[in-house]
Amino acid sequence: MGAELLADRSERLAGVRLLPLERCQVVPSALERRVPEEDLAIDLTGFVQAAEALRLDGARVIAEDAGAPRAAGGDEQSQKSERGAAHRSIVATKGARRNIGAGGASLLVITNIGRAVTMDGADRVIEDAVIHLDDTAVRFIGPALEAPALPAGPVERLDAGGRAVLPGLVDCHTHLVFGGDRRDEFALRATGVTYAEIHARGGGIQRTVGATRASSEDELLASALPRLRAMLERGVTTVEVKSGYGLDLETELRLLRVARRLEERLPVRIVTTFLGAHSVPSEFKGRREAYLDLVCQEMIPRVATERLATFCDVFCEQGVFTLEESRRVLLAARAAGLSLKLHADQLHRTGAAQLGADLGAVSVDHHEQIDASDVAVLGRAGAPVAVLL
């Protein structure tokens with residue numbers, strides 16, 4: 001690698017802020033066993049553009065064997081052991097957020113990295129790499145032969161064992177916590193019944209609302225954990241989780257509390273979004289204004305006061321919430337200190353992309369029905385991130 005490329009990469013990556021760590025260790029991933037609560041992970045900041053776009057603190061470093069050859073044949077048990085070894089992960093463990101290393105080490109050096117994946121232009125894959133980081137920033141990422149001299153002071157070393165080190169993935173739009181299931185509705189969709197028709201029949205969101213309201217907090221947690229564990233096994237380490245299947249004050253708060261508890265059980269960072277304006281519940285049929293009053297005057301203040309969510313979202317759609325109703329909810333959320341997101345133009349073009357831009361939303365999501373003018377709005381500097389679903 002030329003010196004100019006190294007200098008360019010260092011300029012872009014050095015000084016990226018990250019959360020302090022207490023220690024690092026190698027732990028088996030969830031493909032081998034359930035990660036115990038004492039092995040909770042914490043984010044390394046700035047590796048993934050998606051995390052920056054969501055104003056999150058970033059993604060975890062996960063390491064896997066880099067291209068290790070697989071032995072032919074062998075019994076089933078040995079193949080399982082080999083698969084397990086190939087998915088061992090290096091995760092930064094969560095503890096008292098003081099120094100980066102155990103014993104007060106001020107610098108963590110990850111060595112013997114087969115491949116480091118930076119997601120950073122031409123140098124996105126670096127062979128035989130080293131990473132230096134402290135409790136405030138990634139200080140160096142590059143080939144081991146070009147690593148700078150270590151500063152004076154305690155250093156903690158972590159041997160990656162020839163594995164690859166790559167960013168954890170960020171899933172910025174999920175409805176992870178809910179009760180019941182709607183698998184039969186997939187069959188209906190396959191026959192040509194539309195989402196809007198199912199919703200009008202009392203299916204879709206309303207059906208899940210009934211099952212969710214009937215579920216306890218522990219039941220919701222137990223059903224969400226396997227979904228989150230499956231995401232972790234596929235490399236997702238930062239997850240946005242929406243409420244929206246309660247549509248009453250207590251159930252919406254319950255959903256957000258469950259989402260927060262997930263972070264205590266698995267090494268995944270959870271970012272919560274209040275979506276009380278997901279639909280008008282059946283008990284408010286014909287009383288839309290009363291439900292909007294509940295969302296804006298009771299739900300949002302409680303969510304904000306209890307610090308249960310970072311974002312507020314609205315399903316702006318024909319037959320759900322109009323553009324002006326969505327504006328009202330988002331303005332109330334912004335006044336309460338929540339950042340804004342928006343379900344936009346999913347089934348029909350509503351102008352929600354422009355609304356998100358006007359209100360300074362962090363993201364506007366879906367966009368199946370946008371046109372060229374909406375693309376132009378979202379393409380402007382400082383516009384919301386367009387999440388295509």
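Keep in mind it's a predicted model, so treat the numbers as computed, not measured.

Engineer: Please set out helix 10 (residues 323-335) residue by residue, giving values where relevant.
Structural biologist: Here helix 10 is 13 residues long and its end C-alpha atoms lie 18 Å apart, about the 18 Å a rise of 1.5 Å per residue gives. Those residues of helix 10 not exposed but buried are Glu325, Ser326, Val329, Leu330 and Ala333. In a view along the axis of helix 10, the buried residues occupy a sector of 130°, so they form one face of it. In this structure, helix 10 carries Glu324 and Ala335 as exposed residues pointing more than 90 degrees from its buried face. Taken from the residues just after helix 10, glycine 337 is the one with a positive phi, measuring 95°.

Engineer: Outline the environment of leucine 169, supporting the account with residue identities and numerical values.
Structural biologist: In this structure, leucine 169 sits in strand 10 (residues 169-171). Expressed as a C-alpha distance, the spacing of leucine 169 and valine 236, which sit 67 residues apart in the sequence, is 4.3 Å. Sequence-distant contacts of leucine 169, that is, excluding residues within four places in its chain, are made with Arg234, Gly235, Val236, Thr237 and Thr238.

Engineer: Give a description of the side chain of aspartate 134 that names residues and reports values.
Structural biologist: Structurally, aspartate 134 is set in the loop between strand 6 (125-133) and strand 7 (137-143). Look at aspartate 134 and you get buried, because its relative accessible area is 13%. In terms of polar contacts, aspartate 134 uses its side chain to reach the backbone amide nitrogen of alanine 137, at 2.9 Å. A distance of 2.9 Å separates polar atoms of two side chains, one belonging to aspartate 134 and the other to arginine 139.

Engineer: Outline the sheet that holds strand 16 (residues 385-388), listing residues and values.
Structural biologist: Backbone hydrogen bonds hold the strands of a sheet together, and the pairing may be parallel or antiparallel. Across the sheet, seven strands lie side by side as 10-11-12-13-14-15-16; this open sheet has parallel pairing. Here the strands that pair on one side only, and so sit at the sheet edges, are strand 10 and strand 16. Averaged over neighbouring strand pairs, the angle between their axes works out to 20° when direction is ignored. On top of the sheet, helix 10 reaches strand 12 (269-277), strand 13 (311-316) and strand 14 (339-344); it is set at about 175° to strand 13, its chief contact. Along the sheet, helix 11 (residues 352-359) contacts strand 13, strand 14 and strand 15 (363-366); its crossing angle with strand 14, the most-contacted strand, is approximately 170°.

Engineer: Can you lay out the nonpolar core for me, pointing to particular residues and giving the numbers?
Structural biologist: Judged by nonpolar contacts, the single largest core of 61 residues is most densely connected at Val177, Leu228, Leu262, Phe274, Tyr291 and Val329. The dominant element in this core, judged by the number of residues it contributes, is helix 9 (residues 288-305), at eight residues. Dropping the residues within four chain positions of it, tyrosine 291 is found in contact with Leu247, Gly276, Ser279, Val280, Pro281, Phe284, Met299 and Phe321. Membership of the second largest hydrophobic core comes to twelve residues, among which are Ile110, Ile113, Ala129 and Leu158.

Engineer: Before we move on, could you go through unusual backbone geometry and cite the residues and values that matter?
Structural biologist: With a phi close to 55°, arginine 307 is a non-glycine residue in the positive phi region. On the secondary structure map, arginine 307 appears in the loop between helix 9 and strand 13. With relative accessibility at 67%, the residue arginine 307 sits in the exposed group.

Engineer: Lay out the pairing of strand 13 in plain terms, naming residues and giving numbers.
Structural biologist: Both faces of the sheet carry side chains from a regular strand, because those side chains alternate between them. Of all six residues making up strand 13, six are buried, and the element is well covered by its neighbours. Because side chains alternate across strand 13, one face comprises the buried residues Phe311, Asp313 and Phe315, and the other comprises Cys312, Val314 and Cys316, equally buried. Pairing of strand 12 with strand 13 involves three bridges; the strand directions are parallel. Looking across to strand 13, one finds that alanine 277 is bridged to valine 314. In this region the chain leaves strand 12, passes through helix 9 and returns to the parallel neighbour strand 13; the handedness of that crossover is right-handed. Crossover connection from strand 13 via helix 10 to parallel strand 14: handedness right-handed.

Engineer: Before we move on, can you summarise the packing of helix 8 (residues 249-265) against helix 9 with the specific residues and values?
Structural biologist: The geometry of helix 8 relative to helix 9 is characterised by a closest axis approach of 10 Å and an angle of 25° between their N-to-C directions. With respect to helix 9, the element helix 8 is oriented roughly parallel. Helix-helix and strand crossings are classified by hand; for helix 8 and helix 9 the assignment is right-handed. Contacts from Leu249, Glu250, Glu252, Leu253, Leu256 and Arg257 of helix 8 reach helix 9 at Glu298, Met299, Arg302 and Val303. Its residues assigned to classes, the contact of helix 8 with helix 9 shows five nonpolar, no polar and five charged.

Conventions we followed
Residues numbered from 1 in each chain as written. Predicted model: local features only at pLDDT ≥ 70, side-chain atom pairs only at ≥ 80, totals over all residues. Heavy atoms only, no water. Helix = DSSP H or I, 4+ residues; strand = E, 2+ residues; numbered from the N terminus. Expected span 1.5 Å × (residues − 1). Buried < 20%, exposed > 50% of the residue type's maximum accessible area, 1.4 Å probe, protein only. Arc of directions from axis to C-beta. Contact = heavy atoms within 4.5 Å. Polar contact = N/O pair within 3.5 Å; in protein donor to acceptor, adjacent residues only side chain to side chain. Pairing = 2+ DSSP bridges. Axes fitted to C-alpha atoms, helices over the stretch in contact; angles between N-to-C directions. Core = buried A, V, L, I, M, F, W, Y, C linked by side-chain atoms within 4.5 Å. Right-handed = clockwise from strand over helix to strand, strands pointing away. Parallel < 35°, antiparallel > 145°, perpendicular 65-115°, else oblique. Left-handed = near helix turned anticlockwise from the far one by under 90°. Nonpolar A, V, L, I, M, F, W, Y, C, P; charged D, E, K, R; others polar.

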